Structures are given as C-alpha cells and as structure tokens.
Amino acid sequence: QNMLEELLIHKPDDPIQYMINHLKQNNDDAPRICVLGPPASGKTTVAMWLCKHLDAIHISQETLLFKEILALTNEAKAYKEKNQKIPSALWANLIQDRLSNVDCIKQGWILEGFPENQEQAWMLQSAGIIPRHVVVLYAPDTVLIERNSGKRLDPITGEVYHTTFDWPSDLLVQQRLVKPEDLSEQEMSKKLLEYHRNFPGVFQIYQKVLKSINADQPSMDVLSQVLTYVQTRHRSAAPFTPRILFCGPPGSGKSLQAAVIAQKYGIVNICCGQLLKEAVADKTKLGGLVKPYIDNGYP
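The structure displayed is predicted, hence computed values, not measured ones.

To continue, consider the state of the cysteines. Considering all chains together, one arrives at zero disulfides under this definition. Of all cysteine sulfurs in the structure, the one in Cys 271 sits closest to Cys 272, which takes part in no disulfide; the separation is 6.6 Å.

This is the structure:
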C-alpha cells in the first residue's frame, strides 16, 4: 500500500525500477507517526517515549533547527533570528529532506507538532510524507494553561518534566532542569485559540488514521493508549478475497454459521463433509479411499 501511494504521488518515468528501488530501500513496517496536540499537552514526552520504545527517529521543529545539519537549516534559522514566522513550505522541505535520510527510512520516524494546519498537511502529502498513525492529545484549556507554567526542561536530553505532574526521581536530573522560555498566560490563550481554529482542517485530512487521546490522565495511561494505537494495523481499502475457516466440535453449528455467512456476503460455501460424500458417490479414486471411513461412521 505504501509503495502504491508513492507511485501515485511521484509518478516516476520508470515505475518498475521505482518499485525495485522502493523494495530495496524502504522498510514498510517502520513506524511513521505524527504526534499532534495543543501547547503543553505532552507531545514531546509522548514522541520521545515512542522513539525509545520503537527505536524510531524523533523529528520536531526544534530538532530540525538546532540538532540537524541540513541544506535549508540556515535559511530557517535566519527567519527565527529575525523573529519572523518560518514559512510552511520551508518547514515541509526541511522535513522532507530529513525523512529522506537512511535512518528515517530504516528505523521509521515520529514527527512531533507538525502539521499545525491544513495547508501544512497538504504540503506533506504532496511531498509523499503520509503518516500511518496520527496521535492527537487533548485536555481542557485550563489544564494546559496550568501545565505550561510548571514545565521544566532537561537541557541535556531535551526531555520535558513538570513541577506537579511529572517530576523526575533522579536528583541530578532535578538539579539541571531549567524553566523554558514559555508563553505568558495571555500568549498561551492566544496559541490555544489558534490551535482550536486550525485543528478541524488537520482532522479532515487525517481522520482515517487519527486517534484522539485524553492527555489529562496519568502519563503512563496516556503512553499505554498511544502505544496500543500505533501498533495497530489499518485495514487496507484494496479489494481482497475473503477466506474463512469454521472449526469446532460436532453439533457446534459450523454448517449453519457457514451457510449464513455465505448467503450474506455472497461467498462460496464449501463443506468438507459434503465434498467427501460426493467423492464417494461419484466413485472417484479419492472416494474409494474415503468410503471405508464413512461406512464406519467417521465424520
């Protein structure tokens, strides 16, 4: 399915060679996950935990700007230094550049906090970046505003903690935590309003692979629900031929259930017992081998 999606997006001149290269390079079982949500919902915590658990690569706007050396990094930093908003097209190109690296192809990736709106989601799709799972964290705005004031950052690992909800037990970690340059309550409220305005457009694009998870609960419950979801496989929309096997002891209703399913879905009902009896009646070679068993009452 992934290969078909990329064929439709890229429309290569030589589709056969493209598919051969795809099979050589790509790991279709590697995670491709977006972790989205409003500010202070726990996106970084969830994304980094998933990366450790799935051995995937963590990608965020921060890592692209400060931890990666890409062709477009300096251009993006120039906008940041001027306190100007980095264009969506530049973000999309940065992400595409990073995800084309071998480690992301082989290990998979967790993209945190992007896309933020429908325009960015379309840009990712146009670049062939199609997540298999989209996790959206949510919580009441009052909870998010309270969380924002208590956030603490580990400058060495980049992990995010909280003075109330998620304080580290390691004393060394506690001592090196710093308060990030977070938004004021007024700015936070403005960001939340912007998020709520943009989210419906993102939901519309990803609704078939999206799951919303309540972030206002113990962190391990959140992480458990996220992991359960990202390990599921979505059913392909491609046509398929069903093959169903009914097993059970005599008198359990196999024949009845098989007949009902066959009638409802237009499937051919094959009864093994009936096939054997027909083989005996037709005096075929197989029927001759089976006949002694049927005469002795075996099913």
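The subject of this paragraph is unusual backbone geometry. Cis rather than trans, the peptide bond between Phe 114 and Pro 115 has omega equal to 10°. Structurally, Pro 115 is set in the loop between strand 3 (109–112) and helix 8 (118–126). Located in the positive-phi region is Asp 55, a residue other than glycine, with phi close to 55°. Locating Asp 55 in the fold gives a position in the loop between helix 3 (43–54) and strand 2 (57–59). Phi is positive for Lys 283, which is not a glycine, with a value near 55°. In this fold, Lys 283 is placed in the loop between helix 14 (272–281) and helix 15 (285–295).

The next subject is the packing of aromatic side chains. By the definition in use, this model includes two aromatic pairs. Note on Tyr 195 and Phe 199: the rings are 5.7 Å apart at their centroids and 25° apart in plane angle, and the pair reads as stacked. Here the residue Tyr 195 and the residue Phe 199 both occupy positions in helix 11 (residues 185–206), the gap between them amounting to four residues, near one helical turn. Across this residue pair, the class does not change: Tyr 195 and Phe 199 are buried. Residues Phe 199 and Phe 203 carry aromatic rings whose centres are separated by 6.1 Å and whose planes lie at 50° to one another, so their mutual orientation is tilted. Of this pair, Phe 199 and Phe 203 both sit in helix 11, four residues apart, which is roughly one turn of that helix. For Phe 203, a relative accessible area of 36% translates into the label partly exposed. An aromatic cluster is defined as three or more aromatic residues linked by ring pairs; in this entry it consists of Tyr 195, Phe 199 and Phe 203.

Here the focus is the packing of helix 14 against helix 15. Look at helix 14 against helix 15: their axes get within 8 Å of each other, and the N-to-C directions meet at 115°. Taken together, the axes of helix 14 and helix 15 are roughly perpendicular relative to one another. Considering only the axes of helix 14 and helix 15, their crossing is left-handed. Across the interface between the two elements, Leu 276, Lys 277, Ala 279 and Val 280 from helix 14 touch Gly 287, Val 290, Lys 291 and Ile 294 from helix 15.

How large an interface is tends to be reported as the accessible area lost when its parts come together. Partitioning the chain into domains gives domain 1 (31–140 + 182–231) and domain 2 (254–296). Of note, the centres of domain 1 and domain 2, computed from C-alpha atoms alone, are 56 Å apart.

A few words on the pairing of strand 1 (residues 32–36). Counting buried positions over the five residues of strand 1 gives five, a clear majority of the element. As judged from the four bridges shared by strand 1 and strand 4 (residues 133–138), these two strands associate in the parallel manner. The partner of Leu 36 across the bridge, within strand 4, is Val 136.

A few words on the sheet that holds strand 2. Reading across from one edge, 2-3-1-4-7 is the order of the five strands in this open sheet, with parallel pairing throughout. Each of the sheet's edge strands pairs with one partner strand only, and the pair in question is strand 2 and strand 7 (210–214). Ignoring which end each strand starts from, the neighbouring axes of this sheet average 20° apart. Relative to strand 7, strand 4 is paired through five bridges, and the arrangement is parallel. Looking across to strand 7, one finds that Val 136 is bridged to Ser 212. Most of the contacts of helix 11 go to strand 4, to which it runs at about 155°, and overall it touches strand 1, strand 4 and strand 7.

Criteria and thresholds
- Residues numbered from 1 in each chain as written.
- Predicted model: local features only at pLDDT ≥ 70, side-chain atom pairs only at ≥ 80, totals over all residues.
- Heavy atoms only, no water.
- Disulfide = S-S within 2.5 Å.
- Helix = DSSP H or I, 4+ residues; strand = E, 2+ residues; numbered from the N terminus.
- Phe/Tyr/Trp six-rings, centres within 6.5 Å; stacked < 30°, edge-to-face > 60°.
- Buried < 20%, exposed > 50% of the residue type's maximum accessible area, 1.4 Å probe, protein only.
- Axes fitted to C-alpha atoms, helices over the stretch in contact; angles between N-to-C directions.
- Parallel < 35°, antiparallel > 145°, perpendicular 65-115°, else oblique.
- Left-handed = near helix turned anticlockwise from the far one by under 90°.
- Contact = heavy atoms within 4.5 Å.
- Domains from an automatic or database assignment.
- Pairing = 2+ DSSP bridges.

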